[in-house]
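Chain and residue survey
Below are the chains, spelled out letter by letter.
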Amino acid sequence: MPKQLTADQKRALAARVNYYRELGIYDFYRREVDVARAPSPAEDDRELGAIITAPAVDLFAPQLPERAAADTSEALRIIRHDLGDCTRCKLHKLGRKQIVFGVGDPKAELMFVGEGPGADEDEQGEPFVGRAGQLLNKMIEAMGLNRRQVYIANVVKCRPPGNRTPERDETETCSPFLLRQIETIRPRAIVALGAVAAKALLQINASMGELRGRTYDFRGSRLFVTYHPAYLLRDPRQKGETWKDLQQVMKFLGLQAPKRSD
Ligand code: SF4
């Protein structure tokens, strides 16, 4: 029996279709995917937690221009060029200084996704450069990596005024560019920083308690969810829980924590 789309799904689908029309893409195909039932915490006793297939209607048409790029660096440049001086959502007229696209290794195995730029990021044009960014750098170093070895991006690429949470129409309009970045980089692991990023990627409405502690099969990558560094600055008691999440990522990627020098 055909599955009925919810109102939220219809809205998200319409936004995605409009976005591709802007690119001059009119032909789509729909691929049915298995949506595994989310397990209860009691069932979630495997080492890496349950693997959940993210609900997705795959609208990635082969005509995307970056598909013809010689390498991932060029592909990312093409996506940035497509973004242009973007006015697709209202964030373009709410005080942004510049678009904050993303930074890092175009072939990174690990990608971090936050919710949107803050004041420092808007000033410098790079994600996670303020206090939260410094904490993210420490988290990355604790995993045995450095910032240049990962890729960092946000769901929305313009600063929401007053650092408010991005609104649904903004995340829906901007997230196709993030998805194109992910499709280009093809990281083995993605860490969604905070509920806004996790919900935008997974297109599910759930609390951090429900989102953390399990992993998701996301477009060929394994997606993990942990707290946003800005939240950890406000509530450092959650740093231990965050470290547990990052250790799951390290285990998945085969990373070793650096030895501490006394
Ligand atoms: Fe464009 Fe994204 Fe900025 Fe909105 S947030 S104006 S969609 S770049």
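Before any of the text, the structure's been laid out above.
Quantities reported herein were computed from a predicted structural model and do not represent experimental measurements. (Residues numbered from 1 in each chain as written. Predicted model: local features only at pLDDT ≥ 70, side-chain atom pairs only at ≥ 80, totals over all residues. Heavy atoms only, no water.)

Details of the environment of K157
Filter applied, for reference: Labels follow the DSSP assignment, with helices taken as runs of H or I lasting at least four residues and strands as runs of E lasting at least two, numbered in each case from the N terminus. Residue burial is assigned from relative accessible area. The probe radius is 1.4 Å, only protein chains are included, and a residue is buried under 20% of its type maximum, exposed over 50%, and partly exposed in between. In what follows, residue pairs with any heavy atoms lying within 4.5 Å of each other are defined as contacts. Each polar contact in these results corresponds to two N or O atoms within 3.5 Å; when the atoms are within protein, one needs to be able to donate a hydrogen and the other to accept it, and residues that are neighboring in sequence are counted only if both atoms are side-chain atoms.
Its location among the elements puts K157 in the loop between β4 (151-154) and α5 (168-185). When its relative accessible area of 1% is taken as the criterion, K157 is described as buried. For the pair K157 and G125, spaced 32 residues apart in sequence, the C-alpha to C-alpha distance is 9.6 Å. For K157, the residues in contact, after removing those within four places along its chain, are L83, Q98, I99, V100, F101, P117, C174, F177, L178 and Q181. Of note is the side chain of K157, whose polar atom sits 2.9 Å from the side chain of Q181.

Things to note about the packing of helix α2 (residues 72-83) against α5
Operational definition: Lines are fitted to the C-alpha atoms to define the axes, a helix being fitted only along its stretch in contact, and any angle between axes, read from their N-to-C directions, falls within 0 to 180 degrees. For classification purposes, angles smaller than 35 degrees are called roughly parallel, those larger than 145 roughly antiparallel, those between 65 and 115 roughly perpendicular, and all remaining angles oblique.
Direction vectors running N to C along α2 and α5 enclose 170 degrees, while the axes themselves pass 9 Å from each other. With respect to α5, the element α2 is oriented roughly antiparallel. Contacts between α2 and α5 involve T72, A75, L76, I79, D82 and L83 from the former and F177, R180, Q181, T184 and I185 from the latter.

A short note on the packing of aromatic side chains
Quick note on the threshold: Two rings from Phe, Tyr or Trp (for Trp, the six-membered ring) form a pair when their centres are within 6.5 Å of each other. A pair whose planes differ by under 30 degrees is stacked, one over 60 is edge-to-face, and the rest are tilted. In our convention, an over-ring charge means Lys NZ or Arg CZ found within 6 Å of a ring centre and within 35 degrees of that ring's normal.
If you walk through the whole model with that rule in mind, you get two aromatic pairs. For the pair F224 and F252, a centre-to-centre distance of 5.9 Å together with 55 degrees between the ring planes defines the contact as tilted. Taken together, the residues F224 in strand β7 (residues 221-226) and F252 in helix α9 (residues 239-253) connect sequence positions 28 residues apart. F252 carries the same exposure label as F224, and that label is buried. Centre to centre, the rings of Y227 and Y231 are 5.2 Å apart; their planes meet at 20 degrees, and the pair counts as stacked. With a relative accessible area of 30%, Y231 lands in the partly exposed category. Stacked on the ring of F252, the Lys or Arg R188 has its end atom at 5.3 Å from the ring centre. Stacked on the ring of F218, the Lys or Arg R219 has its end atom at 5.9 Å from the ring centre.

Brief notes about the pairing of strand β6 (residues 215-218)
Heads up, the condition is: The rule for pairing is simple: two strands pair if DSSP sees at least two bridges between them.
Where β6 lies against β7, three bridges are found, and the strand directions are antiparallel. Considered in β7, the bridge of F218 is made with S221. Taking the residues between adjacent antiparallel strands as the criterion, β6 and β7 are bridged by two residues, where R219 takes a positive phi near 50 degrees.

Some details on the site of the ligand
Using the following cut-off: Nearness here has a simple test: a residue counts as near a molecule or strand if at least one of its heavy atoms is within 4 Å of that partner. Residue type decides the class: Asp, Glu, Lys and Arg count as charged, Ala, Val, Leu, Ile, Met, Phe, Trp, Tyr, Cys and Pro as nonpolar, and the leftover types, Gly among them, as polar.
Lining the immediate environment of the ligand, one finds L83, C86, R88, C89, L91, H92, R96, K157, C158, T173 and C174. Residues that form the shell around the ligand fall into these classes: six nonpolar, two polar and three charged.

So, the environment of E167
Take E167: it is sitting in the loop between β4 and α5. E167 gets classed as partly exposed once you look at its relative accessible area, which sits at 34%. There is a polar contact of 2.9 Å between the side chain of E167 and the side chain of K90.

Concerning the nonpolar core
Put simply, the rule reads: Take the buried residues of types Ala, Val, Leu, Ile, Met, Phe, Trp, Tyr and Cys, join any two whose side-chain atoms come within 4.5 Å, and each joined set is a nonpolar core.
One finds L110, M111, F112, L201, L211 and L223 to be the most contacted residues of the largest nonpolar core, which totals 58 residues. If one sorts the elements of this core by residue count, α5 sits on top with six residues. Setting aside anything within four residues of it in sequence, one finds M111 in contact with Y151, A153, L178, Q181, I182, I185, P187, A189, I190 and V191.

As for the pairing of strand β5 (residues 189-193)
The element β5 is extensively covered by neighbouring structure, given that five of its five residues are classed as buried. Residues of β5 alternate between two faces, with A189, V191 and L193 on one and I190 and A192 on the opposite face, all of them buried. Where strand β3 (residues 110-114) lies against β5, four bridges are found, and the strand directions are parallel. By the bridge assignment for β5, F112 is matched with V191. Where β5 and β7 come together, five bridges link them in parallel fashion. From the neighbouring strand, A189 faces β7, where its bridge partner is R222.

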